[in-house]
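# Architecture and fold: a report
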Amino acid sequence: MAKGPITAKDLLPMEAEIEHQHLAEEIERHDRLYHAEDAPEISDAEYDALRARLVEIEAAFPQLASRAGTAVGSAPSGKFAKIRHRVPMLSLGNVFSTEEAGEFVARVRRFLDYPVDKPLAFTAEPKIDGLSLSLRYEKRRLVSAATRGDGAEGEDVTANIRAVLASTGIPETLPAAAPDIAEIRGEIYLSHADFQAINARQAEIGGKIFANPRNAAAGSLRQIDPKVTASRPLRFFAYAWGEMSSAPANTQSGMVEAFARWGFPVNPLMRLCADAEALVAHYRLIERERPVIGYDIDGVVYKVDDLELQRRLGFVARAPRWAVAHKFPAEKAVTRLNAIEIQVGRTGALTPVAKLEPVNVGGVIVSNATLHNADEIARLDARVGDYVVIQRAGDVIPQVVEVVRERRPPEATAFEFPHICPCALKTPVIREATSAGVEGAVRRCSGEFACPFQRVEHLRHFVSRRAFDIEGLGEKQIAFFYECPVEALRIREPADIFTLEARNAASFQKIENFEGFGKQSVVNLFAAIAARREISLERFIFALGIRHVGETTAKLLARHSGTWLDFEAAARRVALEDPEAIAELQAIDQIGPSVIEALAEFFGRVDAVSMVDRLAAELVILPAEKPRGESPVTGKTVVFTGSLEMMTRDEAKARAESLGAKVAGSVSKKTDYVVAGPGAGSKLDKATELGVRVMTEAEWLALIGESAV
Ligand code: IVH
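Residues numbered from 1 in each chain as written. Predicted model: local features only at pLDDT ≥ 70, side-chain atom pairs only at ≥ 80, totals over all residues. Heavy atoms only, no water.

### Here we look at the overall build of the protein chain
In plain terms, the rule: Here a helix means four or more residues in a row that DSSP labels H or I, a strand means two or more in a row labelled E, and each is numbered from the N terminus. All radius of gyration figures rest on C-alpha atoms, and the globule criterion is 2.2 Å times the number of residues raised to 0.38. Whether a residue is buried, partly exposed or exposed follows from its accessible area with a 1.4 Å probe, protein chains only, as a fraction of its type maximum: under 20%, in between, or over 50%, in that order. A contact between two residues is defined here by any heavy atoms of the two lying within 4.5 Å. The convention is simple: Lys and Arg are positive, Asp and Glu are negative, and His and the chain ends are not counted. By convention, charge coordinates are those of NZ in Lys, CZ in Arg, CG in Asp, or CD in Glu.
If you tally the helices and strands in the protein chain, you get 26 helices and 26 strands. Here the C-alpha atoms of the protein chain give a radius of gyration of 29 Å, agreeing with the 27 Å that 2.2 N^0.38 yields for 709 residues. Taking the principal axes of the C-alpha coordinates as reference, the protein chain spans close to 95 × 65 × 60 Å. Looking at the 709 residues of the protein chain, the share that counts as buried comes to 47%. Residue pairs at least 24 apart in sequence account for 68% of intrachain contacts in the protein chain once pairs closer than 6 positions are excluded. Mean positive and mean negative side-chain charge positions of the protein chain (87 and 99 charges, respectively) differ by 1 Å.

Structure follows, in structure tokens:
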């Protein structure tokens, strides 16, 4: 991998000239790809390396410099400024069938305690397959436009949106009726006709062909040069909102009507529906319209119409309880299964991947699909050489759903799942049993941190966007540093990332001399690493890559523990089977036995704990944020018992948790409040016995600042 680093001054003049010319041409080509075509072929780091080499050669051979001057544009920043969303931009849960759509309606009714005969209105509208955008107006003037990003923080695309006000129909100013602060959200998309025209033009100029309208819209919006964006006829539909100093309506449909009055394009296919049957009927209508609608849609979104009910329903993790996307069925195609490859994941799970003859499935070229596990291969009886049916739905990884038996070649033999991990250790593959003693479907490499595949996957997870998110340290760079020919520069565990700069300084061979790196990219990389020495507790816990501990769980654990020291101490106690520590985790809502088991497993491993300690020593781990500001019940433990009259049990629980309280199922000396309704029994007795404060539902509502009317 080393470039056989010949320093520029050691090059022969002729060699220098050839390399210089080559570099200048390459840089010019990449500038064009990046700026004009939104189709970069190389990473920013690689680009920086090219430029750094060019500068190095010019410094050694000044006579070459003048010729390149015009060929090389300014280095692309590659970045948009970030905008933090004041109200997070959420995603939607999905349903795939009429039954599930009915269950959504039933769930909402149950949560609100609405019997079937009580009217409950929903809206139904197309789900646009584009990118969501948040437009902020202050004093009725457009001040910023941001992409969704990770939901909390998006990219500032204000300049580009200003360049497409005409085609999108996004107003620059709002009428006097609009409030002082209004954030309008919706979808940026391209029509089929415009998408085809853009691709035809790209073909003409030898530019990148976009795979689908969504990619083309994203590429068009994320242009560094707004002039390029201006040449792409982007469109917009408004369907949601963020911060709003006063709401113009008290229903979803009323809000969208107000947006239309203020000049925003809104989807003409939005309808009000009284029940699940009406929602599904409208879904069918939109499905019939789909081929002639003129832009990509991937389902129908159902939303509770009444905003007060939306507020009561609230959110679970990243999606609202009051809305759901009813997705159109997956698209299918038939192709040949060329090979079955085994990949080892972060947790050691061996996943068989179908290597396919590339095929177009609903506009996307698919050449890999998941086969899930050994049982699935056996169930399908998938054999190399078979023709298989591939399906993909939205962003879901393509799947093999069926084998076309009639087309099986005679030589195809059944696949034998490996009994040893493909890693260098050749560890035996184990099949775990569930707590009920049933053999699990997943086969795992038992090598854990000794298995190089698992270590690399761990590192990849560690630097991924939702974890440490280190710019310039992606999958490619992790692979490079893991196997770096210079041992002193290797990254084998997370702590190594933070010692890299010092090791590089002390090393005779430097990172900048390797292909893909340059002086500037190394400086940038160290800056990006340094910026992450301070990290929030929730990101840190998530980054550890403990099984079953996803982002939501990490957040719950962080909020519960407050600090890293407290969390680690608790987790170690759990590993030692301390019943009190276990009970405390069990009391956190949404933390189940699998999480507790995984924490015990992880923190019971000497290698894992010492790895984490080495890492923590390099960092400042910030205490967890308190949920949505302090409330009178933040950090308190509450038990609801008896029947509640002003809200359902689910609602009471969700509300309390959103205010930072813990909701427990049983009363102990750690309980702060017991909210008792009529019919309360043993829990009330226990509370009295322990001297825990007991209150009525109305008192509870008064405490959390909601009137009890
Ligand atoms: S409502 C709080 N309505 O779908 C819920 N989303 O899967 C806000 N989308 O990020 C979303 N059409 O980009 C809503 N009519 C529609 C939509 C829609 C497309 C997108 C949106 C969102 C994603 C969620």
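Moving on, there is more to tell.
### Observations concerning the sheet that holds strand 3 (residues 122–128)
Formally: At least two DSSP bridges between two strands are needed for those strands to be called paired.
Strand order in the open sheet made by the five strands is 2-13-10-3-9, with mixed pairing throughout. Looking at which strands have only one partner, the edges of the open sheet turn out to be strand 2 (94–95) and strand 9 (271–273).

### A short note on the site of the ligand
Our working definition: For each residue, the test is whether any non-hydrogen atom lies within 4 Å of the molecule or strand; if one does, the residue is near. For this analysis, a polar contact is any N or O atom pair within 3.5 Å, provided that within protein one partner can donate a hydrogen and the other can accept it, and provided that sequence-adjacent residues contribute only side-chain to side-chain pairs. In these tables, accessible area is a Shrake-Rupley quantity obtained with a 1.4 Å probe, and a residue counts as shielded only by the protein chains included in the view. Just so you know the grouping, Ala, Val, Leu, Ile, Met, Phe, Trp, Tyr, Cys and Pro go in nonpolar, Asp, Glu, Lys and Arg go in charged, and all remaining residues, Gly too, go in polar.
Close contacts around the ligand come from 15 residues, with E125, I128, E187, Y239 and K303 the closest. Here I128 contributes a backbone N or O atom positioned 3.0 Å from a nitrogen atom of the ligand. Between the ligand and the protein, one listed contact pairs a nitrogen atom with a side-chain N or O atom of K303 at 3.1 Å. Protein contact buries 87% of the 530 Å² of open area that the ligand shows by itself. Only strand 3 and strand 10 (297–304) provide two or more residues apiece to the shell around the ligand. Looking at which element gives the most residues to the shell around the ligand, the answer is strand 3, with four residues. A class-by-class count of the residues in the shell around the ligand yields eight nonpolar, two polar and five charged.

### A look at helix 14 (residues 452–463)
Condition: The span you would expect from a helix comes to 1.5 Å times its residue count less one.
For helix 14, with 12 residues, the first-to-last C-alpha span of 17 Å sits near the 16 Å given by 1.5 Å per residue. All buried positions along helix 14 are accounted for by Q454, V456, H458, L459, H461, F462 and V463. The inward-facing, buried residues of helix 14 abut strand 14 (331–344), strand 20 (439–445), helix 15 (475–482), helix 16 (494–506), helix 18 (537–543) and helix 23 (606–616).

### Describing the state of the cysteines
Selection rule: The disulfide criterion is simple: two cysteine sulfur atoms within 2.5 Å.
Applying the stated criterion across every chain yields a total of zero disulfides. Not engaged in a disulfide, the cysteine C445 finds its nearest cysteine sulfur in C421; these two sulfurs lie 3.5 Å apart.

### Thoughts on the packing of aromatic side chains
Two aromatic rings, taken as a pair, are described by how far apart their centres are and by the angle between their planes. Which entries qualify depends on this criterion: Centres within 6.5 Å make a pair out of two Phe, Tyr or Trp rings, where for Trp the six-membered ring is used; the pair is then stacked when the planes are under 30 degrees apart, edge-to-face when over 60, and tilted otherwise. Our definition puts a charge over a ring when NZ of Lys or CZ of Arg is within 6 Å of the ring centre and also within 35 degrees of the ring normal.
Within the structure shown, the criterion is met by 25 aromatic pairs. Plain terms: the ring middles of Y137 and F264 are 5.7 Å apart, the flat faces sit at 85° to each other, and that makes the pair edge-to-face. Linking Y137 in strand 4 (residues 131–138) with F264 in the loop between helix 10 (252–261) and strand 9, this pair joins segments that are 127 residues apart in sequence. Taken as a pair, Y137 and F264 share a single burial class, namely buried. Among the aromatic side chains, those forming a connected cluster through ring pairs are F449, F462, F468, F498, F540, W564, F567, F602 and F603. Residue placement shows K118 over the ring face of Y114; its charged tip is 4.2 Å from the ring centre. Just above the ring of Y482 sits the side chain of R492; from NZ or CZ to the centre is 4.2 Å.

### Side note on the pattern of salt bridges
Pairs may arise between side chains of opposite charge once their charged atoms sit close together. The line we're drawing: Should a side-chain nitrogen of Lys or Arg be within 4 Å of a carboxyl oxygen of Asp or Glu, the pair is scored as a salt bridge.
Per the stated rule, a full pass over the model turns up 36 salt bridges. Across the salt bridge formed by R214 and D129, the nearest N and O atoms sit 3.7 Å from each other. Taken as a pair, R214 in helix 8 (residues 213–221) and D129 in the loop between strand 3 and strand 4 lie far apart in primary sequence, 85 residues in all. On the basis of relative accessibility, which here comes to 32%, the residue R214 falls in the partly exposed class. A residue is classified by how much of its surface remains accessible, and D129, at 24% relative accessible area, is partly exposed. The network of salt bridges with shared partners includes R136, E138, E183, R185 and E243.

### A look at the side chain of S561
By the element assignment, S561 lies in helix 19 (residues 551–561). A relative accessible area of 14% places S561 in the buried class. In this structure S561 touches D566 and F567, once residues within four positions along its chain are discounted.

### Quick look at the sheet that holds strand 25 (residues 673–676)
Defined as follows: Here an axis means a line fitted to C-alpha atoms, over the contact stretch when the element is a helix, while the angle between two N-to-C directions is reported on a 0 to 180 degree scale.
Strand order in the open sheet formed by four strands is 24-23-25-26, with parallel pairing between adjacent strands. Here the strands that pair on one side only, and so sit at the sheet edges, are strand 24 (662–663) and strand 26 (693–695). When strand 23 (residues 637–641) meets strand 25, the two strands line up parallel, connected through four bridges. Looking at strand 25, one finds that F640 is bridged to V675. Sitting on the sheet, helix 24 (residues 649–658) is in contact with strand 23 and strand 24, with an inclination near 170° to strand 23.

### Remarks on the pairing of strand 5 (residues 141–147)
Of all seven residues making up strand 5, five are buried, and the element is well covered by its neighbours. In this sheet, strand 5 lies alongside strand 4 in antiparallel orientation, the contact comprising six bridges. Bridge pairing in strand 5 places L133 opposite T147. Linking two consecutive strands that pair antiparallel, namely strand 4 and strand 5, is a turn of two residues; a positive phi of about 50° is found at K139 within it.

### As for unusual backbone geometry
Residues other than glycine seldom take positive phi values, yet D113 does so here, at roughly 60°. Relative to the assigned elements, D113 resides in the loop between helix 4 (98–112) and strand 3. Since its relative accessible area comes to 57%, D113 is described here as exposed.

By themselves, these figures tell us nothing about what the structure is for.
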